[in-house]
Amino acid sequence: GGVEVEPLSAVAGMDALQLNIALKHFFNAVLTSSLDMKLVERITFPQKRLHARAQAARGVAASYTELYDAVMDPGAKYRDPRTILIHSAQQIESLLVDAS
């Protein structure tokens, strides 16, 4: 047979409680537009700064989408993933990319 793969919910630091705590901080940062972009803000050319901000926002949105898909996967074995991921990947992407 194949190798038994541990469900995501059983991985250290990825249990529902730990994920919930981390995502509350993440959602707060996204919703208050307080993602730390100090290095991006140092870029002196406005057009390049806007481009860098947009790229950073897309990167964060892509990472959230990857996490969202992984947690929502039934194989991850979260009891009720919608209580952890209260915002869809599309909502987070819209908030981040539109705000950049």
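It should be noted that the structure appears before, not after, this text.
These numbers come from a predicted model, not from an experiment.

For the rest of this paragraph, the subject is the packing of helix 1 (residues 16–31) against helix 3 (residues 46–72). Across the interface, helix 1 lies against helix 3 with an axial gap of 14 Å and an inter-helix angle of 150°. Comparing the axis directions of helix 1 and helix 3 gives the class roughly antiparallel. Seen from above, helix 1 lies across helix 3 with left-handed handedness. Seen from helix 1, the contacting residues are Leu19, Leu23, Phe26 and Phe27; seen from helix 3, they are Val60, Tyr64, Leu67 and Val71. Taken together, the residues that form the contact of helix 1 with helix 3 break down as eight nonpolar, no polar and no charged.

Inspection of the secondary structure puts Leu85 in the loop between helix 3 and helix 4 (89–99). Between the C-alpha atom of Leu85 and that of Val11, which follows or precedes it by 74 residues, the distance is 17 Å. With residues up to four places along the chain from it excluded, the contact list for Leu85 reads Leu23, Phe27, Tyr64, Tyr68, Val71 and Met72.

Conventions we followed
- Residues numbered from 1 in each chain as written.
- Predicted model: local features only at pLDDT ≥ 70, side-chain atom pairs only at ≥ 80, totals over all residues.
- Heavy atoms only, no water.
- Axes fitted to C-alpha atoms, helices over the stretch in contact; angles between N-to-C directions.
- Helix = DSSP H or I, 4+ residues; strand = E, 2+ residues; numbered from the N terminus.
- Parallel < 35°, antiparallel > 145°, perpendicular 65-115°, else oblique.
- Left-handed = near helix turned anticlockwise from the far one by under 90°.
- Contact = heavy atoms within 4.5 Å.
- Nonpolar A, V, L, I, M, F, W, Y, C, P; charged D, E, K, R; others polar.

Geometry only, nothing functional implied.
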